[in-house]
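What follows is the residue order along each chain.
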Amino acid sequence: LSERAERARSLLLAVQRETIPRSAISSNQLRQIQLLGDEATGKLIAAIWPERSSLLGQSQMQQIQSLRELLTPESIDAGDLTRGKELFQQQCGKCHRLFGAGETLGPELTGAQRDNLNYWLQNIVAPSAEVNTEFRLSVVQLTDGRTLSGVITQRTPASFVLVSQDQSPLIKMDDVEEIRGLEQSLMPDGLLDALSAEDKRHLFAYLMSPTGK
């Protein structure tokens with residue numbers, strides 16, 4: 001129902017009439033409906049879920065639409081996988097693993113919906129729209145005055161490891177003044193902004209290739 005505009009409108013109208021509960025529609029399904037680019041469904045979503053922070057904003061929708069126009073199937077097929085791999089290592093590999101290469105700070109990508117352009121666009125353009133608990137950013141205030149941020153792992157009653165792209169220190173709870181958990185992802189916004197149009201095509205060609213070769 002979330003893959004076609006007409007059916008999505010019917011689904012949302014049923015939610016608006018309370019025939020279907022709002023809780024039955026996931027954040028991911030709502031974003032998929034948003035990506036249909038249908039004005040009527042967009043208005044229904046805004047009316048039914050005015051408080052939903054995980055929804056894509058107008059600027060994000062515009063960026064996604066521009067990228068969708070650039071990243072046609074033909075342009076992706078013509079991408080250079082060697083250059084795409086280099087870009088992956090520079091832009092993504094410090095946190096993500098793909099085809100056995102990269103780090104594991106973020107989710108493994110090899111088994112993701114890699115042939116689905118919308119999946120990539122919504123997660124790259126809006127990385128903090130919906131974040132699994134284990135990948136959420138935490139801000140740690142230490143007793144010595146320092147403030148660190150990263151993803152908390154290997155937590156015990158006495159200590160934890162705070163993982164970021166630059167370091168992974170072991171922190172003792174006795175040295176912690178405050179921990180603030182955020183809703184946002186460690187992955188920054190604007191990841192594609194510095195790339196040329198050609199490099200964007202190469203990167204997505206690699207991300208969406210069956211084997212990376």
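This text follows the structure it describes.
1. Looking at the packing of aromatic side chains
Evaluated as defined, the whole model comprises 3 aromatic pairs. Here F88 and Y206 contribute two aromatic rings whose centre-to-centre distance is 5.8 Å and whose plane-to-plane angle is 50°, an arrangement assigned as tilted. On the criterion of sequence distance, the pair formed by F88 in helix α6 (residues 81–91) and Y206 in helix α8 (residues 197–207) is long-range, its members being 118 residues apart. Neither residue differs from the other here; F88 and Y206 are each classed as buried. A ring pair is formed by Y119 and W120, whose centres lie 5.5 Å apart and whose planes are at 75°; its orientation type is edge-to-face. With respect to class, Y119 is no different from W120; both count as buried. By the ring-pair criterion, three or more aromatic residues cluster together here, those being F88, F99 and Y206. Note that R155 overlies the ring of F160, its terminal NZ or CZ placed 5.9 Å from the centroid.

2. Some remarks on the pairing of strand β4 (residues 147–153)
In this structure, strand β3 (residues 136–142) lies alongside β4, joined through 4 bridges in antiparallel fashion. From the neighbouring strand, V140 faces β4, where its bridge partner is L148. Hairpin connection between β3 and β4: a loop of 4 residues separates the two successive antiparallel strands, and G145 in this loop has a positive phi of roughly 95°. For β4 and strand β5 (residues 159–163), the ladder comprises 3 bridges, and the chain directions are antiparallel. In the strand pairing of β5, V151 is matched with V163. Linking two consecutive strands that pair antiparallel, namely β4 and β5, is a turn of 5 residues; a positive phi of about 50° is found at Q154 within it.

3. Focus on the nonpolar core
Judged by nonpolar contacts, the single largest core of 28 residues is most densely connected at L71, F88, W120, I124 and F204. For this core, the secondary-structure elements that each account for two or more residues are α4 (58–70), α6, α7 (117–125) and α8. Tallying contributions element by element places α7 first for this core, with 6 residues. Ignoring sequence-local partners within four residues, the contact set of F204 consists of L71, I76, L117, W120, L121, I124 and L192.

Definitions and cut-offs
- Residues numbered from 1 in each chain as written.
- Predicted model: local features only at pLDDT ≥ 70, side-chain atom pairs only at ≥ 80, totals over all residues.
- Heavy atoms only, no water.
- Phe/Tyr/Trp six-rings, centres within 6.5 Å; stacked < 30°, edge-to-face > 60°.
- Helix = DSSP H or I, 4+ residues; strand = E, 2+ residues; numbered from the N terminus.
- Buried < 20%, exposed > 50% of the residue type's maximum accessible area, 1.4 Å probe, protein only.
- Lys NZ or Arg CZ within 6 Å of the ring centre and 35° of its normal.
- Pairing = 2+ DSSP bridges.
- Core = buried A, V, L, I, M, F, W, Y, C linked by side-chain atoms within 4.5 Å.
- Contact = heavy atoms within 4.5 Å.

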